[in-house]
Amino acid sequence: MTQYNICTLPGDGIGPEIIAEGVKVLEAVGKKYDVRFTCTDALIGGAAIDACGNPLPDETLEAAKAADAVLLAAVGGPKWDTTDPNAPRPEAGLLGIRKGLGLYTNLRPVQIFDALAGASTLKPEVIDGVDLMIVRELTGGLYFGKRERFYDEEGAGTNGAKGQRAYDTLEYREYEIERIARQAFEAARKRRNKVTSVDKANVLETSRMWREIVHRIGEQEYPDVEIEDLLVDNTAMQLINRPADFDVVVTENMFGDILSDEAAQITGSLGMLASASLGDSTALYEPSHGSAPDIAGQGIANPLAQILSVEMMLRYSFNMNEAADDIRRAVTEVLDEGWRTGDLKDASTPADKVVGTVGMGDLVVSHL
Ligand code: NAD
Ligand code: IPM
Ligand code: MN
């Protein structure tokens with residue numbers, strides 16, 4: 001029997017609740033396809049800070065590196081929000097594991113389940129046919145540049161006033177843009193052969209370099225793929241104006257973070273958006289949303305982004321496309337039958353069709 005070791009990282013907030021459903025689905029699929037998935041929990045985020053003062057303990061990174069794939073839920077929460085720049089933050093654990101595993105590509109597919117057309121805040125005719133893939137650069141850009149916060153004794157600026165000062169820097173090297181561009185073009189070749197490269201080239205030097213490199217790679221290596229350049233502010237608007245026109249959207253780390261939450265709303269809920277973070281070794285799969293502290297511990301979180309992240313794991317790490325298709329079909333059927341978690345329900349949803357986190361996981365398993 002084929003065996004795979006999965007490093008599971010529940011994290012904080014709704015994390016432990018939703019990852020249990022992801023694991024349940026993974027194990028059910030394993031049984032059906034005669035593959036044994038052995039899931040072993042490790043600490044990350046606030047839970048790791050509480051246990052040992054470090055959001056990414058060495059053992060966690062080692063366990064992740066040694067595993068065949070990593071399944072993460074979410075990190076963070078008000079308990080660990082602090083203005084002390086020296087205090088450990090849960091989010092540093094997530095950034096650390098992305099960097100530590102070299103996960104420079106983050107794929108965030110935005111697809112509509114027909115049954116959820118009414119759950120989106122956009123009109124059905126606007127979201128009809130939406131199927132896009134955000135390719136977010138994940139280990140560079142504004143998230144990983146030099147940063148500092150200090151008290152400026154000298155005083156600077158127009159009025160020369162003393163006070164606090166802080167900066168974050170956005171930096172890219174040529175190879176970082178080349179490799180994410182190739183990932184975007186490769187993805188486009190398997191889809192509809194179009195890449196929208198999103199930048200702020202009218203203002204930022206990094207963006208002007210980004211645009212130049214994306215075009216060089218595209219024109220030299222992928223002449224069959226169409227390239228469209230779009231400024232990030234305009235993209236934010238076009239995404240809800242004409243979402244069906246987009247195929248692959250490739251962009252800088254923070255631009256991709258913001259645009260993907262926006263794009264999630266096209267699907268009806270942030271609770272639907274899965275993601276895969278890929279690099280040169282172990283890959284990591286996680287929902288695009290966070291730890292949802294406002295609903296944590298209530299058993300009402302939508303586990304589908306987590307479950308659809310398991311689908312991505314089967315596709316990208318284990319080449320188990322049939323099993324992945326099975327998960328997608330099961331989710332589609334459950335939604336077609338009218339089952340909804342709280343975030344997906346609308347005025348027409350009968351009360352007896354609203355299920356909690358475990359209920360939704362059980363329904364998906366029963367359709368596998
Ligand atoms: P969030 O994504 O946690 O929540 C935003 C809104 O969406 C909330 O109203 C929440 O209830 C809702 N939501 C999110 N996921 C849901 C789900 N599965 N089912 C139902 N509703 C869901 O973003 P936030 O509130 O801005 O951040 C909360 C914490 O999460 C912060 O500490 C942040 O740093 C962290 N965060 C972590 C990740 C991650 O681990 N990948 C991602 C984003 C935010
Ligand atoms: C995400 C999250 C993270 C990010 C945070 C929690 C560091 O928002 O995965 O989208 O910004 O990358
Ligand atoms: Mn985000």
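This is a predicted model, so every value here is computed, not measured.

**Q** Summarise the site of ligand 1; cite the residues concerned and give the values.
**A** Residues in contact with ligand 1 amount to 20 residues; listed here are only the nearest, G76, G271, H289, G290 and N302. A breakdown of the residues in the shell around ligand 1 according to their chemical character gives 9 nonpolar, 7 polar and 4 charged.

**Q** Break down the UniProt feature "binding site: substrate" (unreviewed entry) in the protein chain for me, with residues and values.
**A** Summarizing the sequence annotation, UniProt attributes the feature "binding site: substrate" (unreviewed entry) to R98, R108, R136 and D233 in the numbering used throughout. Taking the farthest pair of C-alpha atoms as the criterion, the annotated set spanning 136 residues is dispersed, since that pair is 26.5 Å apart. The residue R98 is located in helix α4 (residues 90–100) in this model. In this structure R98 comes out as buried when scored by C-beta crowding, with 22 C-beta atoms within 10 Å. Apart from residues no more than four positions distant in its own chain, R98 is found in contact with L103, L138, T139 and S277.

**Q** Explain the sheet that holds strand β1 (residues 2–11) residue by residue, including any values.
**A** The strands making up a sheet are joined through hydrogen bonds of the backbone, oriented either antiparallel or parallel. Reading across from one edge, β2-β1-β3-β12-β11-β4-β5-β10-β8-β9 is the order of the 10 strands in this open sheet, with mixed pairing throughout. The open sheet terminates on both sides in strands that have one partner only, identified here as β2 (35–41) and β9 (226–231). The pairing of β1 with strand β3 (residues 69–74) spans 5 bridges and is classified as parallel. When the sheet's bridge partners are listed, T8 is paired in β3 with L71. The strands touched by helix α6 (residues 174–189) are β4 (105–111), β5 (131–137), β8 (194–199) and β10 (248–251); relative to β5, the strand with the most contacts, the crossing angle is about 165 degrees. Lying over the sheet, helix α10 (residues 304–316) contacts β3, β11 (276–278) and β12 (284–285), oriented at roughly 165 degrees with respect to β3.

**Q** Tell me about the site of ligand 2, and name the residues and values.
**A** The immediate surroundings of ligand 2 are formed by G76, E91, L94, L95, D257, S288 and G290. Top element by residues in the shell around ligand 2 is α4. It accounts for 3 residues. Counted by class, the shell around ligand 2 contains 2 nonpolar, 3 polar and 2 charged residues.

**Q** Describe the UniProt feature "site: Important for catalysis" (unreviewed entry) in the protein chain, and please don't skip the residues or the numbers.
**A** In the numbering used here, UniProt assigns the "site: Important for catalysis" (unreviewed entry) feature to Y143 and K200. With respect to the secondary-structure elements, Y143 resides in the loop between β5 and β6 (147–152). With respect to the element layout, K200 can be found in the loop between β8 and α7 (205–221). Take K200: there are 19 C-beta atoms within 10 Å of it, and that puts it in the partly exposed class. Not counting chain neighbours up to four residues away, the residues in contact with K200 comprise S207, L231 and V232.

**Q** Quick one: what's the story with the domain arrangement of the protein chain, residue by residue and with numbers?
**A** Quite often, the size of an interface is put as the accessible area lost when its parts meet. Taken domain by domain, the protein chain comprises domain 1 (1–106 + 273–368) and domain 2 (121–266). The distance between the C-alpha centroids of domain 1 and domain 2 comes to 25 Å. Across the contact, 12 residues belong to domain 1 and 15 residues belong to domain 2. Those elements giving two or more residues to the side of domain 1 that touches domain 2 turn out to be α4 and β4. If you tally residues by element for the side of domain 1 that touches domain 2, the top one is α4, at 3 residues. The class makeup of the residues in the side of domain 1 that touches domain 2 is 5 nonpolar, 5 polar and 2 charged.

**Q** Now, about helix α1 (residues 15–33): what can you tell me, with residues and values included?
**A** Compared with the 27 Å implied by 1.5 Å per residue over 19 residues, the 27 Å span of α1 between its first and last C-alpha is a close match. Looking at α1, one finds that the buried residues are G15, E17, I18, I19, E21, G22, V23, V25, L26, A28, V29 and G30. The elements touched by buried residues of α1 are β1, β2, β3, α10, α11 (321–336) and α12 (357–366). Of the residues one or two after α1, D34 is the one with positive phi, at around 60 degrees.

Thresholds applied
Residues numbered from 1 in each chain as written. Chains lettered and ligands numbered in written order. Predicted model: local features only at pLDDT ≥ 70, side-chain atom pairs only at ≥ 80, totals over all residues. Near = placed C-beta within 6 Å. Nonpolar A, V, L, I, M, F, W, Y, C, P; charged D, E, K, R; others polar. UniProt positions renumbered as here; feature names shortened; annotations may be inferred. Helix = DSSP H or I, 4+ residues; strand = E, 2+ residues; numbered from the N terminus. Buried ≥ 20, exposed ≤ 12 C-beta atoms within 10 Å, placed from the backbone. Contact = placed C-beta atoms within 7 Å. Pairing = 2+ DSSP bridges. Axes fitted to C-alpha atoms, helices over the stretch in contact; angles between N-to-C directions. Domains from an automatic or database assignment. Expected span 1.5 Å × (residues − 1).

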